[in-house]
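Examining the three-dimensional arrangement
For reference, the chains in residue letters:
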Amino acid sequence: VQLQASGGGLVQAGGYLRLSCAASEHTFSNYAMGWFRQAPGKEREFVAAISRGGTITHYADSVKGRFTMSRDNAKKTAWLQTSALKPEDTAVYYCAAARAVSGSVAIREHQYVFWGQGTQVTVSS
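Worth saying up front: this structure is predicted, and the values here are computed from it rather than measured.

**Some details on the overall build of the protein chain**
The helix and strand tally for the protein chain stands at zero helices and eleven strands. What you see in the protein chain, going N to C, is helices and strands ordered as β-β-β-β-β-β-β-β-β-β-β. What you see for the protein chain is a C-alpha radius of gyration of 13 Å, in line with the 14 Å of a compact globule of 125 residues. Overall, the C-alpha framework of the protein chain stretches about 40 × 25 × 25 Å when taken along its three principal axes. In the protein chain, which comprises 125 residues, the proportion classed as buried is 42%. A sequence separation of at least 24 residues applies to 59% of the contacts in the protein chain between residues at least 6 apart. As displayed, the protein chain has an accessible area near 6,300 Å², and 48% of this comes from carbon and sulfur atoms. If you average the places of the 13 positive and of the 8 negative side-chain charges in the protein chain, the two averages end up 5 Å apart.

Next up, the structure:
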């Protein structure tokens, strides 16, 4: 599965962005999806995950209540709606696909088998 992340950019603190992750395969619905991010000088960290059917989501505590992950299997696309962005949200954001049973999410990096190229999010203060 090839994943194409987009939607990043430069935004002021308090603003929002909608990140998209488009998949190349019709088997998109077979994968749980996730977003991770990596800030300069830091390790990549989990941000959000969604189950294959889109009914279950899970968020890192740092983004809970501000970010929302969704997906449309017919469009082979997942999204990360961000809001109330903070300078500490600045990072390269990666989408990824994990083989998972229906009704579960994947929150560990090693569970993900396919990764997109990343999209830069920069939040100015």
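**Things to note about the environment of Thr-57**
Along the chain, Thr-57 falls in strand E6 (residues 57-59). According to the relative accessible area criterion, Thr-57 is partly exposed, its value standing at 34%. Between the alpha carbons of Thr-57 and Trp-115 there is a distance of 19 Å; along the sequence they are 58 residues apart. When sequence neighbours within four positions are dropped, the list of residues in contact with Thr-57 reads Ala-49, Ile-50, Met-69 and Val-105.

**As for the nonpolar core**
Counting 35 residues, the largest nonpolar core has Met-33, Trp-35, Val-47, Met-69, Leu-80 and Tyr-93 as its most contacted members. Contributing elements (two or more residues each) for this core: strand E1 (3-6), strand E3 (17-23), strand E4 (31-38), strand E5 (45-50), strand E7 (67-72), strand E8 (77-82), strand E9 (91-99) and strand E11 (119-124). If one sorts the elements of this core by residue count, E9 sits on top with six residues. Apart from the residues lying within four places of it in its own chain, the contact partners of Met-33 are Leu-3, Cys-21, Phe-28, Ala-48, Ala-49, Ile-50, Met-69, Arg-71, Ala-78, Ala-96, Ala-97 and Tyr-112.

**So, unusual backbone geometry**
A positive phi angle, close to 55°, is found at Lys-76, a residue other than glycine. Not every positive phi belongs to a glycine, and Ala-84 is a case in point at roughly 45°. Relative to the elements of secondary structure, Ala-84 occurs in the loop between E8 and E9.

**Description of the packing of aromatic side chains**
For the coordinates displayed, the defined rule picks out five aromatic pairs. Between Phe-36 and Trp-115, the aromatic rings sit 5.1 Å apart at their centres with planes inclined by 55°, giving tilted as the arrangement. Linking Phe-36 in strand E4 with Trp-115 in strand E10 (residues 112-115), this pair joins segments that are 79 residues apart in sequence. The exposure class assigned to Phe-36 is buried, which follows from its relative accessible area of 1%. Exposure remark for Trp-115: the relative accessible area of 26% places this residue in the partly exposed category. By way of ring pairs, the aromatic residues Phe-36, Phe-46, Tyr-112 and Trp-115 are connected into one cluster. Here the guanidinium or amino end of Arg-71 rests over the ring plane of Phe-28, the centre of that ring lying 4.4 Å away.

Parameters at a glance
- Residues numbered from 1 in each chain as written.
- Predicted model: local features only at pLDDT ≥ 70, side-chain atom pairs only at ≥ 80, totals over all residues.
- Heavy atoms only, no water.
- Helix = DSSP H or I, 4+ residues; strand = E, 2+ residues; numbered from the N terminus.
- Rg over C-alpha atoms; globule rule 2.2 N^0.38 Å.
- Buried < 20%, exposed > 50% of the residue type's maximum accessible area, 1.4 Å probe, protein only.
- Contact = heavy atoms within 4.5 Å.
- Areas by Shrake-Rupley, 256 points an atom, 1.4 Å probe, with all protein chains shown as cover.
- Lys, Arg positive; Asp, Glu negative; His and termini not counted.
- Charge placed at Lys NZ, Arg CZ, Asp CG, Glu CD.
- Core = buried A, V, L, I, M, F, W, Y, C linked by side-chain atoms within 4.5 Å.
- Phe/Tyr/Trp six-rings, centres within 6.5 Å; stacked < 30°, edge-to-face > 60°.
- Lys NZ or Arg CZ within 6 Å of the ring centre and 35° of its normal.

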